[in-house]
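Descriptive structure summary
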Amino acid sequence: MSHADLTQYLDYTLIAMLLAVGFSIVRLRNLFAVVILMGVYSLLCAAWFVSLDAVDVAFTEAAVGAGISTVLMLGAMLLTARESEPAGAGRHWAAFAVVASAGAALFFAIPDMPVYGDAESPANAYLGREFMERTPQDIAVPNVVTAVLASYRGYDTFGETVVVFTAALGVMLLLGFGSGGRRKEEEED
């Protein structure tokens, strides 16, 4: 069995696991189980991104999707009921119509996608090739993805970090983290 065959087998296995976890998330009513399975889903996505050689995206998915989002959802879950209320039949059909329409649009776009691994695909042929050629001379960073994120897109990466930090801080303030110290001081006075 060749390396490409093993990689393809791994991709199919990860997709099957993603589908199984996704169906489980939709069917469960216990919110704790749903939040934990969403973290598992994010970790499976991160593993799939690594398989697709998108390590930077995998790192972000693992950190934000499986890490921060799961912790924030568990914190928010403390303020809600543990079981969800059953939805009416009308909501199920509306959700199914939206998902079916989006799925049909995605399948309609499949023929326009480049062949997997094609060196002449638009992502590899124009700007991507230029970054591959110029990065060692311009920045002297051996990893092109790191060079793009840290140098060419440094301000953008910094902005994304600030947005994630601000969102986490806002959620912590909304959930009341850190207000315990003020309450103790007020009680002492």
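Residues numbered from 1 in each chain as written. Predicted model: local features only at pLDDT ≥ 70, side-chain atom pairs only at ≥ 80, totals over all residues. Heavy atoms only, no water.

The name that an unreviewed UniProt entry assigns to the protein is Putative multicomponent Na+-H+ antiporter subunit A, with the source organism given as Maricaulis maris. Annotation of the protein in UniProt includes, under Subcellular location (unreviewed entry), the sentence "Cell membrane". (UniProt positions renumbered as here; feature names shortened; annotations may be inferred.)

**Regarding the overall build of the protein**
Of regular secondary structure, the protein possesses nine helices and zero strands. For the protein, the N- to C-terminal ordering of α and β elements is α-α-α-α-α-α-α-α-α. Across the 189 residues that make up the protein, the buried fraction comes to 15%. Counting contacts in the protein only where the partners sit at least 6 residues apart, residues at least 24 apart contribute 47% of the total. Counting every atom, the protein has about 14300 Å² of accessible surface; 69% of that belongs to carbon and sulfur. (Helix = DSSP H or I, 4+ residues; strand = E, 2+ residues; numbered from the N terminus. Buried < 20%, exposed > 50% of the residue type's maximum accessible area, 1.4 Å probe, protein only. Contact = heavy atoms within 4.5 Å. Areas by Shrake-Rupley, 256 points an atom, 1.4 Å probe, with all protein chains shown as cover.)

**Regarding the nonpolar core**
Counting seven residues, the largest nonpolar core is built from Leu-14, Leu-18, Val-21, Ile-25, Val-34, Leu-44 and Cys-45. The biggest single contributor to this core is helix 1 (residues 3–27), with four residues. Once you skip the residues sitting within four places of it in the chain, Val-21 turns out to touch Leu-37, Val-40, Tyr-41 and Leu-44. (Core = buried A, V, L, I, M, F, W, Y, C linked by side-chain atoms within 4.5 Å.)

**Re the side chain of Ser-42**
With respect to the element layout, Ser-42 can be found in helix 2 (residues 31–51). Residue Ser-42 is classed as buried on the basis of its relative accessible area, which comes to 8%. Discounting chain neighbours no more than four positions away, the residues touching Ser-42 are Glu-61, Gly-65 and Ala-66.

**What about the packing of helix 2 against helix 3 (residues 55–77)?**
Direction vectors running N to C along helix 2 and helix 3 enclose 175°, while the axes themselves pass 7 Å from each other. In terms of their interaxial angle, helix 2 and helix 3 are classed as roughly antiparallel. Across the interface between the two elements, Leu-31, Phe-32, Val-35, Ile-36, Gly-39, Ser-42, Leu-43, Cys-45, Ala-46, Phe-49 and Val-50 of helix 2 pack against Val-55, Val-57, Ala-58, Glu-61, Ala-62, Gly-65, Ala-66, Thr-70, Met-73, Leu-74 and Met-77 of helix 3. Residue composition of the contact of helix 2 with helix 3, grouped by class: 17 nonpolar, four polar and one charged. (Axes fitted to C-alpha atoms, helices over the stretch in contact; angles between N-to-C directions. Parallel < 35°, antiparallel > 145°, perpendicular 65-115°, else oblique. Nonpolar A, V, L, I, M, F, W, Y, C, P; charged D, E, K, R; others polar.)

**Comments concerning helix 7 (residues 144–152)**
Residues of helix 7 that are buried: Val-144, Ala-147 and Val-148. Each buried residue of helix 7 lies within a common arc of 100° when the element is viewed along its axis, so the set occupies one face. Contact partners of the buried residues in helix 7: helix 6 (127–138) and helix 8 (154–175). (Arc of directions from axis to C-beta.)

**Overview of the side chain of Asp-11**
In this structure, Asp-11 sits in helix 1. A distance of 2.4 Å separates the side chain of Asp-11 from the side chain of Ser-51, its partner in a polar contact. Discounting chain neighbours no more than four positions away, the residues touching Asp-11 are Trp-48, Ser-51 and Leu-52. (Polar contact = N/O pair within 3.5 Å; in protein donor to acceptor, adjacent residues only side chain to side chain.)

**Here's the deal with the UniProt feature "transmembrane region" (unreviewed entry) in the protein**
As annotated by UniProt and renumbered to match this structure, "transmembrane region" (unreviewed entry) occupies residues 6–26, 31–50, 62–81, 93–110 and 158–177. Helix makes up 80% of residues 62–81 and strand 0%, and the two end C-alpha atoms of the span are 27 Å apart.

**Remarks on the environment of Arg-29**
If you trace the backbone, Arg-29 turns up in the loop between helix 1 and helix 2. Since its relative accessible area comes to 43%, Arg-29 is described here as partly exposed. Once the C-alpha coordinates of Arg-29 and Glu-85 are considered, the two residues, 56 residues apart in sequence, prove to be 7.8 Å apart.

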